[in-house]
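This is what each chain is made of:
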Amino acid sequence: MTDAHYTTLPLWPNAYPLSGASATLKQLNEDFLVTELPLQLPSGEGEHVWLDVEKNGANTAFVAQQLAEAAGVQERDVGYAGLKDRYALTRQWFSIYLPKGETPDLTALQHPEFKVLSQSRHVKKLRPGDLQGNRFRIVLRDVAGERAAIEANLKAIAAQGVPNYFGAQRFGFDGGNVEQGRAMLAREVRVRNPKKKGIYLSAVRSFVFNEVLAQRIQQGLWGQTLPGDVLDDAGRPTGPLWGRGRVTSTDEAQALENSVAARHAALCDGMEHAGLDQERRALVAHPAELSWDWPQPDQLVLSFSLPAGNYATSVLNEILRTTEPERHTDSEPTPAE
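These numbers come from a predicted model, not from an experiment. (Residues numbered from 1 in each chain as written. Predicted model: local features only at pLDDT ≥ 70, side-chain atom pairs only at ≥ 80, totals over all residues. Heavy atoms only, no water.)

As for the side chain of arginine 182
Then comes step 1: In this structure, arginine 182 sits in helix H3 (residues 176–185).
Then comes step 2: By relative accessible area, arginine 182 is classed as buried at 9%.
Then comes step 3: Within the structure, the side chain of arginine 182 is placed 2.9 Å from the side chain of glutamate 179, a separation counted as a polar contact. (Helix = DSSP H or I, 4+ residues; strand = E, 2+ residues; numbered from the N terminus. Buried < 20%, exposed > 50% of the residue type's maximum accessible area, 1.4 Å probe, protein only. Polar contact = N/O pair within 3.5 Å; in protein donor to acceptor, adjacent residues only side chain to side chain.)

As for helix H5 (residues 251–263)
Then comes step 1: The end-to-end C-alpha separation of H5 is 19 Å, in line with the 18 Å expected for 13 residues at 1.5 Å each.
Then comes step 2: Every buried residue of H5 is listed here: Ala253, Leu256, Glu257, Val260 and Ala261. Seen end-on, H5 carries its buried residues on one side only, within an arc spanning 135°. The exposed residues of H5 that point more than 90 degrees off its buried face are Asp251 and Ala262. (Expected span 1.5 Å × (residues − 1). Arc of directions from axis to C-beta.)

Comments concerning the environment of proline 297
Then comes step 1: Mapped onto the elements, proline 297 comes out in the loop between strand E12 (288–296) and strand E13 (299–307).
Then comes step 2: For the pair formed by proline 297 and arginine 141, sequence separation is 156 residues and the distance between their alpha carbons is 9.6 Å.

Looking at the nonpolar core
Then comes step 1: Formed by 57 residues in total, the largest nonpolar core has its most connected members in Ile138, Leu140, Ile150 and Phe304.
Then comes step 2: Counting residues per element, this core draws most heavily on helix H4 (residues 194–218), which supplies 10 residues.
Then comes step 3: Discounting chain neighbours no more than four positions away, the residues touching isoleucine 150 are Ser19, Ala21, Val143, Trp294, Leu300, Ile319 and Leu320.
Then comes step 4: Of all hydrophobic cores here, the second largest spans 17 residues; its members include Leu51, Val63, Ala64 and Ala68. (Core = buried A, V, L, I, M, F, W, Y, C linked by side-chain atoms within 4.5 Å. Contact = heavy atoms within 4.5 Å.)

Comments concerning the packing of aromatic side chains
Then comes step 1: Taken as a whole, this structure holds 11 aromatic pairs when the rule is applied.
Then comes step 2: On the numbers, 6.0 Å between centres and 90° between planes, the contact of tyrosine 16 with tryptophan 222 is edge-to-face. Taken together, the positions of tyrosine 16 in the segment before strand E1 (22–25) and tryptophan 222 in the loop between H4 and strand E9 (238–241) put the pair 206 residues apart, joining distant regions of the chain. Taken as a pair, tyrosine 16 and tryptophan 222 share a single burial class, namely buried.
Then comes step 3: Their ring planes at 65° and their centres at 6.1 Å tell us that phenylalanine 32 and phenylalanine 136 sit as a pair that is edge-to-face. (Phe/Tyr/Trp six-rings, centres within 6.5 Å; stacked < 30°, edge-to-face > 60°.)

Structural notes on the packing of H4 against helix H6 (residues 265–273)
Then comes step 1: Running from amino to carboxyl end, H4 crosses H6 at an angle of 130°, the nearest separation of the two axes being 10 Å. Considering their axes alone, H4 and H6 lie oblique with respect to each other. Crossing hand, H4 versus H6: left-handed. Residues Val204, Arg205, Phe207 and Val208 of H4 pack against Leu267, Cys268 and Met271 of H6.
Then comes step 2: Taken together, the residues that form the contact of H4 with H6 break down as six nonpolar, no polar and one charged. (Axes fitted to C-alpha atoms, helices over the stretch in contact; angles between N-to-C directions. Parallel < 35°, antiparallel > 145°, perpendicular 65-115°, else oblique. Left-handed = near helix turned anticlockwise from the far one by under 90°. Nonpolar A, V, L, I, M, F, W, Y, C, P; charged D, E, K, R; others polar.)

Observations regarding the pattern of salt bridges
Think of it this way: side chains of opposite charge can pair up when their charged atoms draw near.
Then comes step 1: Taken as a whole and judged by the stated rule, the model has 15 salt bridges.
Then comes step 2: A salt bridge links lysine 84 to glutamate 36, with the nearest nitrogen and oxygen atoms 2.9 Å apart. Placement of the pair is lysine 84 in the loop between strand E4 (78–80) and strand E5 (89–97) and glutamate 36 in strand E2 (residues 32–38), with a sequence separation of 48 residues.
Then comes step 3: Arginine 182 is paired through a salt bridge with glutamate 188; the nearest N and O atoms lie 2.8 Å apart. (Salt bridge = Lys/Arg side-chain N within 4 Å of Asp/Glu carboxyl O.)

Let's talk about the pairing of E1
Then comes step 1: Pairing of E1 with strand E14 (residues 321–323) involves three bridges; the strand directions are parallel. Its bridge partner being in E14, alanine 23 is matched across the sheet by threonine 322. (Pairing = 2+ DSSP bridges.)

Quick word on the packing of H4 against H5
Then comes step 1: Following both chains from N to C, one finds H4 and H5 inclined at 130°, their axes separated by 10 Å at the closest point. Taken together, the axes of H4 and H5 are oblique relative to one another. For H4 against H5, the interelement crossing comes out right-handed. In contact with Val208, Glu211, Val212, Gln215 and Arg216 of H4, H5 contributes Leu256, Glu257, Ser259, Val260 and Arg263.

Some remarks on H3
Then comes step 1: Along H3, seven of the 10 residues are buried, which leaves the element largely enclosed by surrounding structure.
Then comes step 2: Among the residues of H3, those classed as buried are Asn177, Val178, Glu179, Gly181, Arg182, Ala183 and Met184.
Then comes step 3: Each element contacted by the buried residues of H3 is listed here: H4 and H6.
Then comes step 4: At the exit of H3 stands arginine 187, carrying a positive phi of roughly 60°.

Examining the confidence of the model for the protein
Then comes step 1: When pLDDT is averaged across the protein, the result is 92; 96% of the residues are at 70 or more.
Then comes step 2: Low pLDDT, under 50, characterises residues 330–337; the stretch is placed with 47 contacts to residues that sit more than four places away or in other chains. (pLDDT = per-residue confidence, 0-100.)

Here you go:
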């Protein structure tokens, strides 16, 4: 895909041979269990009340609205570290700024889609990205295909990781956020809502990163370190999150990245003029403590952890093809960015 219009997302390549298997994902909310791994736990003192919340069938923003109403504060006084899927059973932390007065007992709050498991005070507000990562337990139903092919990919993933693609959730329904972002950057449409503007910019930036990663996979280079690669603190090669400033990679890595940027020149130029700065993101994601079990012949249960910003769908896509029950789609990305 080149500049012009981005009405459909490309089918980005897999790193491992396709298993030919398929399964149903999220047949029940409980089939997708996500537990947030916090950077720290509340200290017991401070101006913010931290809440350990379990939600079932609700998105994060809705829960934040309900908590603000129950506590009698503005929505801006409620913080959280990351977005979690709506159609899932998730556990995550919220914070509420309540410096004065009596502390309400929010564990008594009754709601069919979430419950407050515990609360404690802390000295700071939770902000996006304030988490180590997420722990997943995923039940895949109606599994069809060769178990040997599925397990071969699982073993490869455990040993080598997966391409660190941004998940489809990042790009909106049918990838529409990328085209909206293109139109916004081309000044064909005006986007006044700062939140929507941020969503569209993130989608465009993520799209270009995925294109770089796809190019490396096509050339058999996704898990290798190229001359000129920029490595992260863990020693992993990184790809560009486009913005202002010189690309920090050099040699072969820079040539590959610039070739992708040339194909999407209008997007990259637009991001630079939108004020985004160059950043980097690891090209490889390594699921920790990956394990699997077959409780029934057609049922596969996966357990693993991922750092903040990594997508569980990147792991699933390298194992088999999944479909979800038909439902109104307004779910959010699994990890925090």
